[in-house]
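Below, each chain spelled out in residue letters.
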Amino acid sequence: MTAKKPSEWRLATRLVRGGTKRSDFGETSEAIFMTSGFRYDAAEVAADRFAGTADGFTYSRLSNPTVAMFEERMALIEGLPVAKATATGMAAVNAALMCQLRAGDKVVGAKALFGSCRYILEQILPRFGITTELVTGSDNDAWTRAITPGTKTVFIETPANPTLDVVDLAHVCSAAHAVGATVIVDNVFATPLLQRPTDFGADIVVYSGTKHIDGQGRALGGVILCSEAFFEDHLNQYLRHTGPTMSPFNAWIMLKGLETLDLRVQRMCDNALKVANFLAESGKLERVLYPGRRDHPQHDLAMRQMKTGGSVITIDVPGGRDAAFRLLNALEIIDISNNLGDAKSLMTHPSSTTHRSLAEDARLELGIIEGTLRLSVGLEDSDDLIEDLEQAMSRISA
Ligand SMILES: *Cc1c(COP(=O)(O)O)cnc(C)c1O
């Protein structure tokens, strides 16, 4: 039997071993190459590397052995040829957009986006002569109308933060490709394990590694995945010269995170379904949104695109901000925090935190009301989480 290539390994094996390269010491855990530069045995070697005629590292803004291991592992997991790590998820989103856009281009996105993604589309890109149109992500006709021949790029987050709207990836990708636009999918909420955007036509996938990939609340990071052609035509030079590079130390943390990603995500999703069912059946909430439950307005689409409903639940508490704050302040196990995908369950009040920079009418349009709370379900025992929520919900009415 001939040895299998890493790309032929099954997913769990790729998560643990993909991209690993060992130094002469034969270390089992990937080494942290905490170095900014590299030395050359001869001036000719340096010249060849700079000319691109010899392989090898030159400077860690461009590439670093630990970061390269993380990138190769991510590429193997996603099934795309190129992965480039960035310092944060937002650096990945920004670079994926900026590297290909120029004045006169149009970008189409959904209104429901992670707050900073929406800020880039609405506030930053227009300053450079790029037009942005935002549509209701669940409305297929609205996407078709907005994606016109001048459209260069379509930006999608699904499920979207915080209301867990699902975008029909196949529909939007085919509308985009019909006018020659590229599609970027921010796949943070689904993780690479639950949803493969390229199966539905996406061209570029971005992650915040800060979320499930680290998954233990330790480090910021991001990654952009794309084709060789997109990398050569757009991304490579943009990243080299603007330098949103991931630190080797953070890359090492992300490598360790990937080793347990499928165990953690499975457990989080199991917990999330149990907690969502409890919340929905409690009768104490105005609304419980979880794509894995049949009462989610886009449950069927979510289940076509994702393996499970994910690890995030959004609820509306009756009684507005005061009631939502009373619930948060009564939590004993779940932390009040705006991160997500963490081993620890975290709850946040979007309208006063992650989405406070949106105008009130824009928030209401997205279904973010004063009683909305977002829960990122972690790895604790689901019964403890349910008991914590049960006692905290008893404080909803003053
Ligand atoms: C967190 C997040 C980001 C930004 O990632 P950072 O690592 O915080 O910069 C982008 N998109 C989504 C959907 C996120 O949840």
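Structure first, text after, so check above.
Treat the numbers as computed from the prediction; the structure is a model and nothing was measured.

Undergrad: Before we move on, can you summarise the overall build of the protein chain with the specific residues and values?
TA: A tally of regular secondary structure across the protein chain gives 15 helices and twelve strands. Against the globule reference of 21 Å for 398 residues, the protein chain gives a C-alpha radius of gyration of 22 Å, in line with a compact fold. With respect to the principal axes defined by its C-alpha atoms, the protein chain has extents near 75 × 50 × 40 Å. With 398 residues in all, the protein chain has 53% of them scored as buried. Pairs at least 24 residues apart make up 73% of the contacts formed inside the protein chain by residues separated by at least 6 positions. Surface accessibility of the protein chain: about 17,100 Å² in total, with carbon and sulfur atoms responsible for 51%.

Undergrad: Provide a residue-level description of the pattern of salt bridges, including the pertinent values.
TA: Taken as a whole, this structure holds 17 salt bridges when the rule is applied. Its salt-bridge partner being Lys 152, residue Asp 105 comes within 3.5 Å of it at the nearest N-O pair. Taken together, the positions of Asp 105 in the loop between α4 (89-98) and β2 (106-110) and Lys 152 in strand β4 (residues 151-157) put the pair 47 residues apart, joining distant regions of the chain. Take Lys 152: its relative accessible area is 26%, and that puts it in the partly exposed class. Here Asp 316 ties to Arg 287 by a salt bridge, and the two come within 2.8 Å at their closest N and O atoms. Residue Asp 316 is located in strand β9 (residues 312-316), and its partner Arg 287 is located in strand β8 (residues 287-289); the two are separated by 29 residues in the primary sequence. With a relative accessible area of 5%, Asp 316 lands in the buried category. Look at the salt bridges and you will find they share partners, linking Glu 30, Arg 73, Lys 256 and Glu 259 into a network.

Undergrad: With reference to specific residues and values, describe the packing of aromatic side chains.
TA: Aromatic rings considered in pairs are described by the distance between their centres and by the relative angle of their planes. Scanning all chains against the criterion turns up two aromatic pairs. Considering the side-chain rings of Phe 38 and Phe 57, the 5.4 Å spacing of their centres and the 25 degrees angle between planes classify their relative orientation as stacked. Residue Phe 38 is found in the loop between α1 (11-17) and α2 (43-51), and its partner Phe 57 is found in the loop between α2 and α3 (65-78); the two are separated by 19 residues along the sequence. Among the residues examined, Phe 38 registers a relative accessible area of 22% and is labelled partly exposed.

Undergrad: Explain the sheet that holds strand β12 (residues 372-376) residue by residue, including any values.
TA: On the basis of which strands lie adjacent, the open sheet formed by five strands has the order β8-β9-β12-β11-β10 and mixed pairing. The sheet is open, and its two borders are formed by β8 and β10 (335-336), each paired with just one other strand. Two strands pair when backbone bridges link them, and strand β11 (residues 346-348) and β12 are joined in this way by three bridges, in the antiparallel orientation. Across the sheet, residue Thr 348 finds its bridge partner in β12, namely Arg 374. Taken strand by strand, helix α11 (residues 261-281) contacts β8, β9 and β12, and its axis lies near 15 degrees from that of β9.

Undergrad: Could you give an account of the sheet that holds strand β6 (residues 204-208), naming the residues involved and the relevant values?
TA: Overall, mixed pairing links the seven strands, which are arranged β1-β7-β6-β5-β4-β2-β3 in an open sheet. Either end of the sheet is taken by a strand with one partner, and the two such strands are β1 (82-86) and β3 (131-135). Between one strand axis and the next, the sheet turns through 20 degrees on average, direction left out of account. Bridge count for strand β5 (residues 182-186) against β6 is three bridges, and the pairing is parallel. If you follow Asp 186 over to β6, its bridge partner there is Val 206. Across the sheet, α3 touches β1, β6 and β7 (222-226), and the angle it forms with β1 is around 130 degrees. Taken strand by strand, α4 contacts β1, β2, β4, β5, β6 and β7, and its axis lies near 160 degrees from that of β6.

What counts, and where the lines are drawn
Residues numbered from 1 in each chain as written. Predicted model: local features only at pLDDT ≥ 70, side-chain atom pairs only at ≥ 80, totals over all residues. Heavy atoms only, no water. Helix = DSSP H or I, 4+ residues; strand = E, 2+ residues; numbered from the N terminus. Rg over C-alpha atoms; globule rule 2.2 N^0.38 Å. Buried < 20%, exposed > 50% of the residue type's maximum accessible area, 1.4 Å probe, protein only. Contact = heavy atoms within 4.5 Å. Areas by Shrake-Rupley, 256 points an atom, 1.4 Å probe, with all protein chains shown as cover. Salt bridge = Lys/Arg side-chain N within 4 Å of Asp/Glu carboxyl O. Phe/Tyr/Trp six-rings, centres within 6.5 Å; stacked < 30°, edge-to-face > 60°. Pairing = 2+ DSSP bridges. Axes fitted to C-alpha atoms, helices over the stretch in contact; angles between N-to-C directions.

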